[in-house]
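# Tertiary structure, described
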Amino acid sequence: RWPVTGYGLMIGSMAALAAGTGRSSLTWGAASFCLSDLMLATAKFTETPGVEIFSAKQAAVMVTYTTGQALIISGLSSDRPSDRPGRMRPTGRPVEVVNRSDV
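Here's what I pulled together on the structure shown here.

Procedures and definitions
Chains are numbered independently. Their residues run from 1 in the order of the written sequence. Residues qualify for local features only when their pLDDT is at least 70, as the model is predicted, and side-chain atom pairs are given and counted only at 80 or more; totals for whole chains, interfaces and linings, by contrast, use all residues. Hydrogens and waters are ignored; side-chain quantities use all the structure's heavy atoms. Runs of H or I in DSSP of at least four residues are treated as helices and runs of E of at least two as strands, each being numbered from the N terminus. For every residue, the accessible area (1.4 Å probe, protein chains only) is compared with the maximum for its type, and the residue is labelled buried under 20%, exposed over 50%, or partly exposed between those bounds. Residue contacts are counted whenever heavy atoms from the two residues lie within 4.5 Å of one another. To measure how exposed things are, a 1.4 Å probe is used in the Shrake-Rupley method; for residues, cover is taken only from the protein chains shown. Pairing of N or O atoms within 3.5 Å defines a polar contact, subject to two protein rules: one partner must be a possible hydrogen donor and the other a possible acceptor, and residues neighboring in sequence count only if both atoms are side-chain atoms. An axis is simply a line fitted to the C-alpha atoms; with a helix, the fit covers only the stretch in contact. Between two such axes, the angle follows the N-to-C directions and lies from 0 to 180 degrees. Any angle that is under 35 degrees is reported as roughly parallel, and any over 145 degrees as roughly antiparallel; angles of 65 to 115 degrees are reported as roughly perpendicular and all others as oblique. It is the rotation of the near helix from the far one that decides the hand of a crossing: anticlockwise by less than a right angle makes it left-handed, clockwise makes it right-handed. Take the number of residues in a helix, subtract one, and multiply by 1.5 Å to get its expected span. Ten residue types, Ala, Val, Leu, Ile, Met, Phe, Trp, Tyr, Cys and Pro, are classed as nonpolar, four, Asp, Glu, Lys and Arg, as charged, and the remainder, Gly among them, as polar.

With that settled, the discussion passes to the overall build of the protein chain. A tally of helices and strands in the protein chain yields three helices and zero strands. Scanning the protein chain from its N terminus toward the C terminus, one meets helices and strands in the order α-α-α. By the burial criterion, 19% of the 103 residues in the protein chain qualify as buried. Of the contacts formed within the protein chain by residues at least 6 apart in sequence, a portion of 56% connects residues at least 24 apart. Split by element, the accessible area of the protein chain, about 7,800 Å² in all, is 65% carbon and sulfur.

Structure (structure tokens):
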């Protein structure tokens, strides 16, 4: 029971942290990954023991898992949104735009 609760808390924390980054691909990737885990957990705890997961469910799990992983990688490898003008840095101060012609 505790390992399942701990894993759920970790997955929930990952989703919350991803949503706070401002990177839509990271947020959607985390959501897709959570959906994949939710489908696996539903199958694990609600299906009849000894009965295989229906192949369409397996396909749905793999599609959401793979999509989630690809979006997470894309979100982590993209430009940091905090470095773009008009965005807030983690310090709470906006990024300043320097006009190179004035330098």
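Read on, since the account is not over.
This brings us to the side chain of Thr 64. The topology assignment puts Thr 64 in helix H3 (residues 55-77). A distance of 3.0 Å separates a polar side-chain atom of Thr 64 from the backbone oxygen of Val 61. Each residue touching Thr 64, except ones within four places of it in the same chain, is listed here: Ser 32, Phe 33, Leu 35, Ser 36 and Met 39.

Now for the packing of helix H1 (residues 2-19) against helix H2 (residues 24-46). When two helices pack together, their arrangement is captured by the angle between the axes and the distance separating the axes. Interhelical geometry of H1 versus H2 gives an angle of 160 degrees and a closest axis separation of 8 Å. Taken together, the axes of H1 and H2 lie roughly antiparallel to each other. Taken as a pair, H1 and H2 cross one another with a handedness that is left-handed. Contacts from Val 4, Tyr 7, Ile 11, Met 14, Ala 15, Ala 18 and Ala 19 of H1 reach H2 at Leu 26, Thr 27, Ala 30, Phe 33, Cys 34, Asp 37 and Phe 45.

The next thing to look at is H3. With 23 residues, H3 should cover 33 Å at 1.5 Å per step; its first-to-last C-alpha distance of 33 Å lies within 8% of that length. The complete set of buried residues in H3 reads Val 61, Thr 64, Gly 68, Ile 72 and Gly 75.

Below, the discussion takes up the environment of Ala 16. Of note, Ala 16 is situated in helix H1. By relative accessible area, which is 53% here, Ala 16 ends up exposed. A sequence separation of 14 residues divides Ala 16 from Ala 30, and the C-alpha atoms of the two residues are 8.7 Å apart.

Before going further, it helps to examine the packing of H2 against H3. Where H2 contacts H3, the axes come no closer than 7 Å and their chain directions differ by 155 degrees. On the basis of the axis angle, H2 is roughly antiparallel to H3. In this structure, the crossing between H2 and H3 has a hand that is left-handed. Residues Ser 25, Leu 26, Trp 28, Gly 29, Ala 30, Ser 32, Phe 33, Leu 35, Ser 36, Met 39 and Leu 40 of H2 form the contact with H3, whose participating residues are Ala 60, Val 61, Thr 64, Tyr 65, Thr 67, Gly 68, Gln 69, Leu 71, Ile 72, Ser 74, Gly 75 and Leu 76. Its residues assigned to classes, the contact of H2 with H3 shows 13 nonpolar, 10 polar and no charged.

Interpretation note: all reported values are geometric properties and have no functional meaning in isolation.
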